[in-house]
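Commentary on secondary and tertiary structure
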Amino acid sequence: AVVSTQSTGKNRPCKVDNISTSKPGKHGSAKCSFVAIDIFTGKKSEAISPGHANVDVPIVTRKEYLTSGIDSAGFLNLYDEDTGDMIEDIRLPEGDLGDKIKALVDADATCMVSVLRSMGEEKVIDVKEDNNKN
C-alpha cells in the first residue's frame with residue numbers, strides 16, 4: 001500500500017514498510033505507527049495515527065513512454081503512444097539509470113521508460129530496450 005505521511009510538515013507519497021499498533025491506554029485509544037519509504041526520494045519516515053482514524057492514500061500511476069531523444073538541457077523527449085503527445089518536461093535521471101538511458105538513445109536503440117506519477121511529482125524509474133519496434 002502507498003500512503004501519505006507527514007514529515008517536515010509536507011505530505012509525501014510513501015510505501016508502507018511496517019505497521020505497529022499499541023494497546024489502548026486508560027485515557028486514550030489505540031495508536032498505529034507507520035514506517036514508510038518515500039516513493040520518489042527513498043527516505044524513510046514515520047507517522048503515528050489514532051487506530052480509528054482514516055489514512056490518506058494517494059493515486060500513483062505508472063506509464064511507459066517511447067524515448068525519442070534527450071535535449072541539450074538534459075530533458076527527455078518522450079512520446080505518449082496512447083495520445084500522440086510529446087512530453088518534454090521530465091529530466092534525465094542521474095546515476096546508473098540515466099547513464100543506461102543515454103547509452104540506449106546514443107546508440108539509436110528504441111527504448112521505453114517507465115514514469116511514476118503521484119501528488120504532482122514524477123520520476124523515471126525504469127528503462128527497457130523495445131525490440132518490437134522498427
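Residues numbered from 1 in each chain as written. Predicted model: local features only at pLDDT ≥ 70, side-chain atom pairs only at ≥ 80, totals over all residues. Heavy atoms only, no water.

1. Let's talk about the overall build of the chain
Tallying secondary structure elements over the chain gives one helix and nine strands in all. Going from N to C terminus, the chain has its helices and strands arranged as β-β-β-β-β-β-β-α-β-β. Projected onto its principal axes, the C-alpha positions of the chain cover 70 × 30 × 25 Å. Across the 134 residues in the chain, those meeting the buried criterion constitute 35%. Pairs at least 24 residues apart make up 39% of the contacts formed inside the chain by residues separated by at least 6 positions. Carbon and sulfur atoms form 47% of the exposed surface of the chain, whose accessible area is close to 8700 Å². (Helix = DSSP H or I, 4+ residues; strand = E, 2+ residues; numbered from the N terminus. Buried < 20%, exposed > 50% of the residue type's maximum accessible area, 1.4 Å probe, protein only. Contact = heavy atoms within 4.5 Å. Areas by Shrake-Rupley, 256 points an atom, 1.4 Å probe, with all protein chains shown as cover.)

2. Things to note about unusual backbone geometry
Of note, Asp108 is a non-glycine position whose phi angle comes to about 55°, a positive value. The phi dihedral of Met119 is positive, around 50°, even though this residue is not glycine. If you trace the backbone, Met119 turns up in the loop between β8 (111-118) and β9 (121-129). Judged by its relative accessible area of 40%, Met119 is partly exposed.

3. Observations concerning the nonpolar core
Proteins that are soluble and globular tend to have nonpolar side chains buried together. Leu78, Ile101, Val113, Val115 and Val124 are the most contacted members of the largest nonpolar core, which totals 15 residues. If you list the elements that add at least two residues to this core, you get β6 (75-79), β7 (86-91), α1 (96-106), β8 and β9. Those residues in contact with Val124 that lie beyond four places of it in its chain are Leu76, Ile90, Arg91, Pro93, Leu97, Ile101, Val113, Ser114 and Val115. (Core = buried A, V, L, I, M, F, W, Y, C linked by side-chain atoms within 4.5 Å.)

4. Let's talk about the packing of aromatic side chains
Counted by the stated rule, this structure contains zero aromatic pairs. Directly above the aromatic system of Phe75 lies the positively charged group of Arg91, at a separation of 4.3 Å from the ring centroid. (Phe/Tyr/Trp six-rings, centres within 6.5 Å; stacked < 30°, edge-to-face > 60°. Lys NZ or Arg CZ within 6 Å of the ring centre and 35° of its normal.)

5. Some words on the side chain of Ser49
Secondary-structure assignment places Ser49 in strand β4 (residues 44-50). Discounting chain neighbours no more than four positions away, the residues touching Ser49 are Ala30, Lys31, Cys32 and Phe34.

6. Details of the sheet that holds β9
With antiparallel pairing, the five strands of this open sheet are ordered in space as β7-β6-β5-β8-β9. Whereas interior strands pair on both sides, the edge strands pair on one side only; in this sheet they are β7 and β9. For this sheet, the mean inter-axis angle between neighbouring strands, taken without regard to orientation, is 40°. As paired elements, strand β5 (residues 61-70) and β8 share seven bridges and run antiparallel to each other. Paired with Thr61 across the bridge in β8 is Arg117. Strand contacts of α1: β5, β6, β8 and β9, with the helix running at about 55° to β9, the strand carrying the most contacts. (Pairing = 2+ DSSP bridges. Axes fitted to C-alpha atoms, helices over the stretch in contact; angles between N-to-C directions.)

7. A short note on α1
Given 3.6 residues per turn, any residue in an α-helix points the same way as the ones three and four places further on. Listed in full, the buried residues belonging to α1 are Gly98, Ile101, Leu104 and Val105. An end-on view of α1 places all buried positions within 130° of arc, on one side of the element. Exposed and facing more than 90 degrees away from the buried side of α1 are Asp96, Asp99 and Asp106. On its buried side, α1 packs onto β5, β6, β8 and β9. Downstream of α1 by a residue or two, Asp108 has a phi angle that is positive, lying close to 55°. (Arc of directions from axis to C-beta.)

Everything listed is a geometric property; what it means functionally is a separate question.
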